[in-house]
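Summary of structural features
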Amino acid sequence: MKVSCTLSSSAPFFAQGDFDHWWTRQGEWVEEANQRRGGSSGVQILPALVEGGPLLYSKRQTGHLYRSLRHPRGRPTILRELDAYQALAGLGIRVPVLVFAGARHQQGEWQALLVTEALTGFVSLDQWYATHPDALLRSRVIAQTASMLASLHRARWQHGCCYPKHIFVRTGTDTRNEEVVEVALLDLEKCRRRWRPASAAARDMDQLSRRWQTLPAADLQSLKAQHQALLAD
């Protein structure tokens, strides 16, 4: 059994049979393979597809299944993550560009891959705060983050691992020298649908609050207030 797809319009075309192409590509581990969910999962960094292009991240898994009423015998977690990538992109939420995703059952074991482009110029929210941005810029980032999370939760999606290290930020100026703020979401492995927007929001916002830690408390309160107002619209 094999499930494969190629999604990046900027990438060369790889047919379904090219799972081997990506599986055999090896790079430096940026997240060592760890044992969980009955298998292993890790992330390698790969060279860009074209000169000057973004680097690639390749999540490689063997085993590593989740089980649900729909999949009682287990399904690769990468396929659930792929579902989330496609759904969130459809909502207009910035996520890494998908280059290749696939899974195959071979010799009694699942193998799965998720290859994405690096978010060039983005840093995690906690890293961004370490640059000591001014209050005005912080307020713009908080507003964008609240809007992004409200869009997620209105669609009944729960991130499931909503930490500052998984919210990425890019700030800069455009060709008219006007400041630009962009936010993105990473690590969608635990994303899932909930019955109600409030249920999706409750756990994510609780997680974010607990992991906010050394970041400005006033910014967290502003984020929560704006998020709640948008969710209520």
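Residues numbered from 1 in each chain as written. Predicted model: local features only at pLDDT ≥ 70, side-chain atom pairs only at ≥ 80, totals over all residues. Heavy atoms only, no water.

Notes on the state of the cysteines
Following the criterion strictly, the structure yields zero disulfides and no others. With no disulfide of its own, C162 lies closest to C161 among cysteine sulfurs, the gap being 8.6 Å. Unpaired in terms of disulfides, C191 finds its nearest cysteine sulfur in C162, a separation of 9.3 Å. For C191, a relative accessible area of 1% corresponds to the buried category. (Disulfide = S-S within 2.5 Å. Buried < 20%, exposed > 50% of the residue type's maximum accessible area, 1.4 Å probe, protein only.)

Side note on the packing of aromatic side chains
Taken as a whole, this structure holds five aromatic pairs when the rule is applied. Geometrically, the ring pair formed by F19 and F100 is edge-to-face, given 6.3 Å between the ring centres and 65° between the ring planes. Residue F19 is located in helix α1 (residues 19–24), and its partner F100 is located in strand β7 (residues 98–106); the two are separated by 81 residues in the primary sequence. Overall, F100 belongs to the buried group, its relative accessible area being 0%. Taken together through their ring pairs, the aromatic side chains of F19, W22, W23 and F100 make up a single cluster. Positioned over the ring face of W23 is R60, at 4.2 Å from the centre of the ring. (Phe/Tyr/Trp six-rings, centres within 6.5 Å; stacked < 30°, edge-to-face > 60°. Helix = DSSP H or I, 4+ residues; strand = E, 2+ residues; numbered from the N terminus. Lys NZ or Arg CZ within 6 Å of the ring centre and 35° of its normal.)

Side note on the packing of helix α4 (residues 135–154) against helix α5 (residues 197–212)
One way to put it is that α4 packs onto α5 with a least axis distance of 8 Å and a crossing angle of 145°. For the element pair α4 and α5, the recorded crossing hand is right-handed. Of the residues in α5, those in contact with I142, L149, L152, H153 and R154 of α4 are P197, A200, A201, D204, M205, L208 and W212. Split into classes, the residues belonging to the contact of α4 with α5 amount to nine nonpolar, one polar and two charged. (Axes fitted to C-alpha atoms, helices over the stretch in contact; angles between N-to-C directions. Left-handed = near helix turned anticlockwise from the far one by under 90°. Contact = heavy atoms within 4.5 Å. Nonpolar A, V, L, I, M, F, W, Y, C, P; charged D, E, K, R; others polar.)

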